[in-house]
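# Examining the three-dimensional arrangement
Residues per chain are reported as follows:
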Amino acid sequence: MKIIRSPKRKTLALQIKPREGLIVRVPLRASKEQVEKFINDHKLWIEKHLKAMEKLQQEASSVEKLSVDEIKVLAAQALKIIPEKVRHYASLLGVTYARITIRNQKSRWGSCSSKKNLNFNCLLMLTPTEVIDSVVVHELAHLKEMNHSERFYAEVLRVFPDYWKWNRWLKENGTAIMAKTLSE
C-alpha cells in the first residue's frame, strides 16, 4: 500500500494499479486516524478490486508476447491511422496540437503534455477503432482542460458521445492487450 499526500487534494481516494497495488490519495493535513478509518471503511471494496486485479494479472501472464517485428508493424499502422484521427477530432474540439508520438508503452494508452505534445500507444491498433477514437478525443480534450473535471468530460462527450462505452471496453480488455508488450 502506498499513501500519497497532496496539498491541493480535498478528499480521500483509493486507486489500484497493476504494478503498484493499492494507492491511497489523501489531503496533506489528513490525520493517520482519518486515513486508517477511510481504508477500514472501504475494506470490502479494496479486497474485491485487489482480487480482480490479481486475476487479470494471472491471465495477462499467460498472454503470448508480441515480437519486435510485430510491434514495429503496429507502430507503422498507428503512424498512418492515429494522426488522421487526431486531425479530425482536433478540428471538432477546436484545438491545436504540437507533435504526435507513437510508443510501445506498458501502462498508458495515451498522454498529453503541457507543450501540446500527444503520445499514443501502438497497442491501440489491437483495439476496435472506436477505442482509438475515444483515446484520441480524451487526449485532445486535455488541450482544453488539463484535468478530469466535469468540463473536461463535457468536451469529450460533445464530440464522442459513446466515450463511456468504449472506455469501459478498454478497462475490461486493456490489461490483456498491454500484457502483450515485451518485458524489459
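Quantities reported herein were computed from a predicted structural model and do not represent experimental measurements.

### Describing the pattern of salt bridges
- The final tally for this structure, using the stated rule, is six salt bridges.
- For K85, the salt bridge is made with D133, and the minimal N-O distance between the two is 2.7 Å. In this pair, K85 is assigned in helix α3 (residues 68-93) and D133 in helix α4 (residues 129-141), connecting sequence segments 48 residues apart.
- Given the relative accessible area of 16%, K85 is considered buried.

### A closer look at the state of the cysteines
- Counting across every chain of the model gives zero disulfides.
- With no disulfide of its own, C112 lies 19 Å from the sulfur of C122, the closest cysteine sulfur.
- Of the residues examined, C112 reaches a relative accessible area of 15% and is grouped as buried.
- You can call C122 buried: its relative accessible area is 1%.

### With respect to helix α1 (residues 32-41)
- Taken together, the buried positions of α1 are V35, F38 and I39. Here the buried residues of α1 occupy an arc of 95° about the axis, which is enough to place them on one side. Along α1, exposed side chains directed more than 90 degrees from the buried face belong to E33, K37 and N40.

### Description of the nonpolar core
- If you look at the biggest cluster of nonpolar residues, it comprises 37 residues, and the most contacted ones within it are I82, W109, F120, L124, V136 and L140.
- For this core, the elements supplying multiple residues, two or more each, are α3, β6 (118-121), α4, α5 (150-159) and α6 (163-178).
- Element by element, the count of residues in this core is highest for α3, at eight residues.
- The contact partners of W109, leaving out residues within four places of it in the chain, are N119, F120, N121, L123, L124, V135, L170, G174, I177 and M178.

### Describing the sheet that holds strand β2 (residues 13-17)
- Spatial strand order, β1-β3-β2: three strands in an open sheet with mixed pairing. In this open sheet, the two edge strands, each paired with only one partner strand, are β1 (2-6) and β2. Between one strand axis and the next, the sheet turns by 25° as a mean value, whatever way the strands run.
- As defined by bridge partners, β2 adjoins strand β3 (residues 21-27) across five bridges and the pair is classed as antiparallel. Pairing of A13 across the sheet is with R25, part of β3.
- Its contacts with the sheet put α1 on β1, β2 and β3, and the angle it makes with β3 is roughly 135°.

### A closer look at the environment of K72
- Relative to the elements of secondary structure, K72 occurs in helix α3.
- Given the relative accessible area of 55%, K72 is considered exposed.

### Points about unusual backbone geometry
- Backbone geometry places K116, a non-glycine residue, at a positive phi of 70°.
- Here K116 lies in the loop between β5 (110-112) and β6.

### A word on the packing of aromatic side chains
- Here the structure, examined in full by the defined rule, presents five aromatic pairs.
- An angle of 45° between the planes, with centres 6.1 Å apart, marks the rings of Y153 and Y163 as tilted. Residue Y153 is found in helix α5, and its partner Y163 is found in helix α6; the two are separated by ten residues along the sequence.
- Between Y163 and W164, the ring centres sit 5.0 Å apart and the planes meet at 75°, which makes this aromatic pair edge-to-face.
- Accessibility expressed as a relative area gives 40% for W164, which makes it partly exposed.
- Cluster of aromatic residues (ring-pair linked, three or more members): F152, Y153, Y163 and W164.

Rules of the game
- For every chain, the first residue of its written sequence is number 1, and the numbers climb from 1 along that sequence.
- This being a predicted model, a pLDDT of at least 70 is required before a residue's local features are given, and a value of 80 or more before pairs of side-chain atoms are given or counted; all residues contribute to the totals for chains, interfaces and linings.
- Hydrogens and water are ignored here; the side-chain numbers use all heavy atoms of the structure.
- For this analysis, a salt bridge means a side-chain nitrogen from Lys or Arg found within 4 Å of a carboxyl oxygen belonging to Asp or Glu.
- Think of it this way: any DSSP run of H or I at least four residues long counts as a helix, any run of E at least two long counts as a strand, and we number them from the N terminus.
- To sort residues, take the accessible area from a 1.4 Å probe on protein chains only and compare it with the maximum for the residue type: under 20% means buried, over 50% means exposed, and anything in between is partly exposed.
- By disulfide we mean two sulfur atoms from cysteines, separated by a distance within 2.5 Å.
- Starting at the helix axis, one direction is taken to each C-beta atom, and the arc is that of these directions.
- Nine residue types can take part in a nonpolar core, namely buried Ala, Val, Leu, Ile, Met, Phe, Trp, Tyr and Cys, and a core is a set of them joined through side-chain atoms within 4.5 Å.
- Should any heavy atoms of two residues lie within 4.5 Å, those residues are counted as being in contact.
- Strands are treated as partners if at least two bridges between them are detected by DSSP.
- All axes are obtained by fitting lines to C-alpha atoms, using only the stretch in contact for helices, and the reported angles, taken between N-to-C directions, cover 0 to 180 degrees.
- Here a pair means two rings of Phe, Tyr or Trp (six-membered ring of Trp) with centres within 6.5 Å. Their orientation is stacked below 30 degrees between planes, edge-to-face above 60, and tilted elsewhere.

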